[in-house]
Each structure stands twice: as structure tokens, then as C-alpha cells.
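So you can see what is in the structure, the chains are spelled out below.
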Amino acid sequence: LDPGVAGNARMPPPPPPPPRGDDGRDHRKRSREDGDYLDRDRDRDRHRDRDRSDRHRDRDRGRDGDRDRLNDRSAPPPPPPPPAALLDEPELYAIYRGTVSNVMEFGCFVKLQGFRADKEGLVHVSAIAPGQVRSASEVVKRNDEVWVKVLSLSGKRMSLSMRDVDQKTGADLSPHLSAGMKKRAEEEKAGA
């Protein structure tokens, strides 16, 4: 039998010896007497790796130099916000956040957020913005987030207004009208 053969498979040859310089020493390392502790390639690789990590660290920092909380793996993620109580029915003259679901020539349909079931109402073109608006598509587009005020409820139909609500803050721009209309509606309920 051949000494290099184990069973029917031949053993791989041993790895070649490391390359040697002219003086017979391993060329990858230099002795301390020569003044070089490591060869140039290893030194260069170490500096390149350090430069890369600095770049990643700088990219993760904000303008003020602090680590970005989202990229910092040591900080636990912030707790989720508590679930808001979902409403059953919209209130008359109340203001809600909504999403434009469809834009038509005569107005836009807005789906109200924060309700158990889908609640959708119409914002007529005359109630989209102050001044004259010829087409709803001039002001809003599908999936826009808007603030709306409930003007009337009759059965499943709901009339909404964007004109009476500040679209940046959600503040009521005509609270005096809401108070008077609410009082009149309560009187009509009491009298009926």
C-alpha cells in the first residue's frame, strides 16, 4: 500500500511553506531589530479598517454629534404609544383627522381616522378651502391627510368641511358657528 493513501481516497498534500525573503526569514514579519514590527500591507489594512469604521460612526451621528438613537443598538426601543380608544360614531361639529379616499369634480371623500368601523363623508368643493375652488383636485389629492369638521349627519351620510379647520394645527376656525349650531340642534331635539 501507498503510505499517502488511506482506504481508496488520497490525502491532500500539506500546504506550501510561507514565502521567504532573500535573508531566509518569513517576509510577512520583520524583527524588532529592523525597526519594522509589521509589514506595510498589514499596517495599511489596519488603517483602512479604522477609516471605514470612522465613516460609519460619523454617518450614524446627527448634526450635534450624538449617536442616533435609532442606530444605537444598546438603547432599548421606545415603548409603543398606548392604544387610543376607538370611537363608535362621529359627533356633530367635532374635528377629526382623515385621509382623502377619492377626489371628484364636486368635492372629495374623506375617511375619518380613529373609528371602529369605516366612517367616510363628503367635503363639498365649496367647503374645501376659503375662496373659490373650481375643482377639488386643485387643492387635494388621494391619500392626503386632512383635518375635517363634521357639519351634518343624516343616516350614513356625513357632510364635512375642511374650510372651517386650520389644516396645519387642526384648530377650529369658526368655533362661534359651531356653538350656535350645536345649541340650535339641541333645542330642536328637546322640542321634537
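Before going into details, it helps to say that this report is about the structure given with it. (Residues numbered from 1 in each chain as written. Predicted model: local features only at pLDDT ≥ 70, side-chain atom pairs only at ≥ 80, totals over all residues. Heavy atoms only, no water.)

Brief notes about the nonpolar core
Alright, step 1. Counting 21 residues, the largest nonpolar core has Cys108, Val110, Leu112, Val123, Val148, Leu160 and Met162 as the members making the most contacts within it.
Alright, step 2. Excluding anything up to four places from it in sequence, Cys108 contacts Val100, Asn102, Val103, Gly121, Leu122, Val123, Ile128, Ala136, Val140 and Met162. (Core = buried A, V, L, I, M, F, W, Y, C linked by side-chain atoms within 4.5 Å. Buried < 20%, exposed > 50% of the residue type's maximum accessible area, 1.4 Å probe, protein only. Contact = heavy atoms within 4.5 Å.)

Observations regarding the pattern of salt bridges
Alright, step 1. If you walk through the whole model with that rule in mind, you get five salt bridges.
Alright, step 2. For Asp88, the salt bridge goes to Arg116, with nearest N and O atoms at 2.7 Å. With Asp88 in the loop between helix H1 (40-60) and strand E3 (95-104) and Arg116 in the loop between strand E4 (107-112) and strand E5 (119-124), this residue pair connects regions lying 28 residues apart in the sequence.
Alright, step 3. With a closest N to O distance of 2.9 Å, Lys119 and Glu89 form a salt bridge. Taken together, the residues Lys119 in strand E5 and Glu89 in the loop between H1 and E3 connect sequence positions 30 residues apart.
Alright, step 4. A relative accessible area of 15% means that Lys119 is categorised as buried. (Salt bridge = Lys/Arg side-chain N within 4 Å of Asp/Glu carboxyl O. Helix = DSSP H or I, 4+ residues; strand = E, 2+ residues; numbered from the N terminus.)

Comments concerning the packing of aromatic side chains
Alright, step 1. Considering all chains together, one arrives at two aromatic pairs under this definition.
Alright, step 2. Both rings, one in Tyr96 and one in Phe115, keep their centres 5.1 Å apart while their planes meet at 65 degrees; by these two values the pair is edge-to-face. On the criterion of sequence distance, the pair formed by Tyr96 in strand E3 and Phe115 in the loop between E4 and E5 is long-range, its members being 19 residues apart. By the burial criterion, Tyr96 is buried, and Phe115 matches it.
Alright, step 3. Aromatic pair Phe106 and Phe109: ring centres 6.4 Å apart, planes at 90 degrees, arrangement edge-to-face. (Phe/Tyr/Trp six-rings, centres within 6.5 Å; stacked < 30°, edge-to-face > 60°.)

Examining the side chain of Thr99
Alright, step 1. Take Thr99: it is sitting in strand E3.
Alright, step 2. With a relative accessible area of 19%, Thr99 lands in the buried category.
Alright, step 3. Non-local contacts of Thr99, meaning those with residues more than four positions away in its chain, are made with Phe109, Val110, Lys111, Gln113, Asn143, Asp144 and Glu145.

Structural notes on the side chain of Ser135
Alright, step 1. Here Ser135 lies in the loop between E5 and strand E6 (145-154).
Alright, step 2. There is a polar contact of 2.9 Å between the side chain of Ser135 and the side chain of Ser137.
Alright, step 3. When neighbours within four sequence positions are excluded, Ser135 is seen to be in contact with Glu105 and Val125. (Polar contact = N/O pair within 3.5 Å; in protein donor to acceptor, adjacent residues only side chain to side chain.)

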